[in-house]
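# Coordinates in review
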Amino acid sequence: MITLTINGKEITLDKPITVLEAARQSGIKIPTLCAHEVLKPYGGCRLCVVEVERMPRLQTACTLMAADGMEVRTESETISEVRRGILEFLLINHPLDCPYCDKAGECELQDLVNKYGPTVGRHKEEKRKVAESHKDQIFSRNMERCVSCTRCVRMCSDMQGASAISMIARGTHTRMEPFTADSFNCEYCGNCLSVCPVGAILSRLSLHSYRPWQVDKEVETICSYCGVGCTLVVQVRDDAIKRVIPKMGAGINNGMLCSRGRFGYEYIGSEERLRVPLVRKNGKLEQSTWSEALGLIAEKLTEIRNTNGGKAIAGIASPRCSNEDNYVFQKFMRMTCKTNNIDSVSRTGFAAAQKYFEDLLGQGITGNLIDGLKHSETILVLGGDPTAVNPILGLAIREAARDGANIIVLGNAKGLEKFKTVQVVPPVFNEAVVLEEVLTEVFKAKGVRGERPFVDKELKLLSKRTSGKVDIEGYEELKKALLETESLSIVLGMDMVQRTDGHRTLFAVAALTYLLEARLYTLSERANEQGLIDAGCVPDMLPGGRPINISDFKVKFETVWKGTIPDEDGLTLLEIIEGTRNKDIKALYVMGENPVFNIPDGSSVKEALGNLDFMVVQDIFLTETGEMADVVLPALGWTERIGTYTNLERRIQLQKKAVESSSGMEDWRILSELSNKMEYKMKYMQAEDVMHEMAKVSPLYSELTYSEIAEGECLWPYHGEPLRGEINEVPEMLDVAGDYRADFYLALEKPLFHSGSLSRRSQALMKIYPEASLKVGAASAEKLGLTDGDKVQISTSAGSLDTSVIIEDSIKDNRVYMSNNFAGSGVFNLMKFNVDKVTKAPGIEGCEVTIKKL
C-alpha cells in the first residue's frame, strides 16, 4: 500500500501510479495538455508541474511516480506563474480565433488560459502561418492551432496501432501531418479527434454546424454495427444526431471507437428512411395506412396457416434487432403462425459456428472477455481480419502483440501485417488440412484428456488419417508455438465457416481449444448475432437454448405463453429459401434483414422468393428484398428505441433511446399489434415488459432487469442457471475437399468501413469507401498486368460486372476479393454456393473468376 498526501488530502493506493493519476482518482484536477488518461506518460507540455516536499524543483505530475509518504501541492503562486509562462509561450503562435474555432467551449487550452492567464501577450513575433487543409473527406486540419502535444500521434501509434500520422519539422514549425499529404488515408477511427486538446483536428461532419453548449442532450448507449457493442455518447440537437463521441474509460472499448461507430450514424437521419407502410396494389408498392397494412397481413397469414398449416410459413429474424424484438418475433412465429421455421442470416456464419462449438464443447464456450486477449501469450487468428470485422477486438490483439504475445495468422489479415510473428498461408481453401495436421501433432503431445469422449474418439481417428507431412512456410513455427504456449486464444472469422467442409475447420478449432484449454472467440459482424440465438430465433431451440424436442422445456414455455408450440424442428435459412423455391413455403416474414442481397447467389434467392404467395418485410429502408414484398412496414432504428443486445462476449447491454421518430414502430410492437389481430394476444406496453417475460420464461435471462443490465457488467452465465443439459455429439466429419486449380478465385471482402447494406446510407462512410473494388494481391496483379485504379471486368458462372482494381500486398494467394455492401455491385450476386451438410452454412469457396482488363 502507498499513502501520499495531495493538497492536504490523504490518498491510499493499491499499486504504483503517477501523481497525476492519483490526483485524478481522488477528484483533484491537475492541468495538462500532453497527458491523457488512455495514453502513456509523456511529460511534454510541463503544465502539470507540482511542488513535492523535500524536492528542490517543480516536478511533472504525469511522469512522477507516487511514493509512500509523499506530500504534494498542485496549486501555489509559484506553480501558477510557471503555468502562466508556459501558456504565454503557446499563445505566441496559437491563433486567437476562439469565436470561429469549432473547439470553443470544449478547448482545453481555452480553459487553461481562462484560469491561469496571461491576459495579454508580451511577445511581438509574427504568428506562424500554415494553410488550413480541407482536402480530406472526413478530417479538417488547422495546424496553426497545434500545440505539439503529440497526443494524436501517440494515440495513432500506441493505442490504435495504425501509425498513420507523425510530427514533422522542428522548433516553432513543428506540426502533425499524415504520411499522405492531401488526405489521411488511414483507418479513420477518429480517435485522434478524441484526444486533441485544441481545434487542430476536427470532424468535417459537424464543422461550423453547432457549438458544444447548444447540444440539447447527451445519451450514453451502444454502437449499432458489429458484435463488440462499444459504448458511445450520442449528442443530440433539435432531435437529430449531431455527433457521436466516445466516453473515456467506459465500456468494452475504453474510449476507443472505429470508423463505423464514430461516423456511421448518419443513416438514422437519412431521407431514404421508410416513413409509412407500403402495400402492393396492381403490382406496385403504394403508400398505405397501418390499419390497412396490418389488416392485410393478418388476413393473409391466417388464411395460409389455416389452409396449408404452419409449416407453410417461415420467418427470417435480424441480428440488428434487439433481444426483445427477436424474442417477440420467434414467439409470434411459433404461437401465432404455428411454425418453427425461424432462422436468420447469421446461419451463414456465426450461428452455424456457435451451434457446432456448443454442441461439442458445452454452453458458453465462446463467452470470453475481449480483455482476455490482451493477456494471452499466443493468439491464433484465422478466417478473417479481426481489425476489420470487430475493430476493437482487433486492437486488443495489437496490444497483446506490443506486449510480446505471439500473433499467428493462418491466411490473410491485413490489419495485423505489422503485428504478426508468424504467418502460414496454406494452399488455397486448404486451411482445414493444415489445421488437422497441427491438431494431430498437438494430440500426440498432449494425449487424451478424457473429458469429451466424442472429441477424443474423433481425434484418434483423425490421427490415423493425417500424413504428418506439411511443407509450408511458418508451419513449424505454428506447431512449436501451440505446443509451448501456456496461454492460448483462438480468434475465428466466418470465412472458415463459409466452406463446404467448414465443419472440418470447426472441429479442428474446437479440438485445439479442448486440448490446449484455449479461449475461443468467434468474430461477429452484426450487433446482436448472439442475442438472436439466445432469444430463440433458431429452428430447433426455444429462448435460452432449450431444445424444442425435450418436452419438459417445451411445457414450461407453453404454460407461460398459453398455447401449443409445434413439435418438430423448423427449417434453417437455406432450407427456408429452398422451401420457397419448391413452393412448400407459401408465406415469408422478414424482420430487419435483406436476404436477396445478403445470401450468396442473390439472383437465385430472388427467383426463389418470387414463388411466394405472400411476403412481409419489416425494415427501416426499402431494401432489395423489400422491393419484392407484398407489404413493407417501417420500423424504428438505432437510438429511436430502447432494448438489449448481447455481444460476442455474451455480455448483455442496454441500447438507449436518444431521438424521437413518428414514422415507424418498434419491431416488437408491430408484431404484438399484428398478433392481436390474428387472435393470439400479446400485451406489451414497453420493451421492458418483454424483458420481464423473458426473465420469467427463459432460464438464461432469469431475474435480469434493465437496471442491472444498464450497469454494463451483465456477463454470462448471468445468474448462473446453465443454458443446456447434456453435450451433444456433432455429425461425423465428411470428406468434401475440392480440387482447386483455377488461376483465380473470387472471395468475399469484409471492409473496415462498411457493414452489410446499412452503412451505404452513411454519407461519411461512403466518402471514405465510395464503391466496390477488386482487391488483388501483388503477384496476381503482376501476372494480369494490372496496376492500382485499372478498370476490369470480372466474370463467374453466375454473372459479370465492371469494377476498379486495388492492389493489396497482404493478399498472398490467388484469391481476389470484393465486398458485398454496394447496391448493384454486391459480390454475392456473382457467387454460387454448396451447403455444408453438417453446419447448414453456405460454402462459397472455389468460385472461379475470369479477370479482363478494360
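Thresholds, definitions, all that
Residues numbered from 1 in each chain as written. Predicted model: local features only at pLDDT ≥ 70, side-chain atom pairs only at ≥ 80, totals over all residues. Heavy atoms only, no water. Salt bridge = Lys/Arg side-chain N within 4 Å of Asp/Glu carboxyl O. Helix = DSSP H or I, 4+ residues; strand = E, 2+ residues; numbered from the N terminus. Buried < 20%, exposed > 50% of the residue type's maximum accessible area, 1.4 Å probe, protein only. 1 Å grid on protein atoms, 1.4 Å probe; cavity = no way out; pocket = protein on both sides within 12 Å on 5 of 7 lines; lining within 4 Å. Points joined across faces, edges and corners; volume = space filled by probe spheres on them. Nonpolar A, V, L, I, M, F, W, Y, C, P; charged D, E, K, R; others polar. Domains from an automatic or database assignment. Contact = heavy atoms within 4.5 Å. Phe/Tyr/Trp six-rings, centres within 6.5 Å; stacked < 30°, edge-to-face > 60°. Buried area = accessible area lost by both parts, 1.4 Å probe. Polar contact = N/O pair within 3.5 Å; in protein donor to acceptor, adjacent residues only side chain to side chain.

## Comments concerning the pattern of salt bridges
Counted by the stated rule, this structure contains 54 salt bridges. For the salt bridge of Lys355 with Asp359, the shortest nitrogen-to-oxygen distance reads 3.1 Å. One end of the pair, Lys355, and the other, Asp359, are both in helix α9 (residues 350-361), 4 residues apart, so they sit about a helical turn from each other. Owing to a relative accessible area of 27%, Lys355 belongs among the partly exposed residues under this scheme. Here Asp359 falls in the buried class, since its relative accessible area comes to 9%.

## Section: the layout of surface pockets
As a volume, the second largest pocket reaches approximately 1200 Å³. Taken together, 46 residues make up the lining of the second largest pocket; nearest its centre are His36, Lys103, Glu106, Glu108 and Ser194. Those elements that place two or more of their residues in the lining of the second largest pocket are α1 (19-25), α3 (108-116), α5 (191-195), β9 (201-203), β11 (231-237), β12 (240-245) and α6 (259-263). When residues in the lining of the second largest pocket are grouped by element, the largest group, 5 residues, is from α3. Grouping the constituent residues of the lining of the second largest pocket by class yields 24 nonpolar, 6 polar and 16 charged. Viewed by domain, the lining of the second largest pocket spans two of them, domain 1 (2-75) and domain 2 (125-269), each represented by three or more residues.

## Some thoughts on helix α23 (residues 687-697)
Taken residue by residue, α23 has Ala687, Val690, Met691, Glu693, Met694, Ala695 and Val697 as its buried positions. Contact partners of the buried residues in α23: α8 (323-336), α18 (551-561), β27 (643-646), α22 (667-677) and α24 (706-710).

## Structural notes on the packing of aromatic side chains
By convention here, two paired aromatic rings are described through the distance between centres and the angle between planes. The tally for this structure, following the rule as stated, stands at 16 aromatic pairs. When the ring of Phe332 is compared with that of Tyr589, the centres are 5.8 Å apart and the planes differ by 65°; the resulting orientation is edge-to-face. Of this pair, Phe332 sits in helix α8 while Tyr589 sits in strand β24 (residues 587-591), and the two are 257 residues apart along the sequence. Relative accessible area serves as the criterion here: at 1%, Tyr589 is assigned to the buried category. Geometrically, the ring pair formed by Phe429 and Tyr745 is edge-to-face, given 5.3 Å between the ring centres and 80° between the ring planes.

## Examining the domain arrangement of the protein
Quoted interface sizes are often the accessible area lost when the parts come together. Along its sequence, the protein is organised into domain 1 (2-75), domain 2 (125-269), domain 3 (288-347 + 528-710), domain 4 (350-522) and domain 5 (745-853). The interface is formed by 18 residues belonging to domain 2 together with 12 residues belonging to domain 4. Carbon and sulfur atoms make up 53% of the area that domain 2 and domain 4 hide from each other, which totals about 1000 Å². Applying the counting rule to domain 2 against domain 4 returns 1 salt bridge. A salt bridge links Arg398 to Glu187; the shortest N-O distance between them is 2.8 Å. In this assembly, domain 2 and domain 4 are joined by 6 residue pairs in polar contact (both at pLDDT 80 or more).

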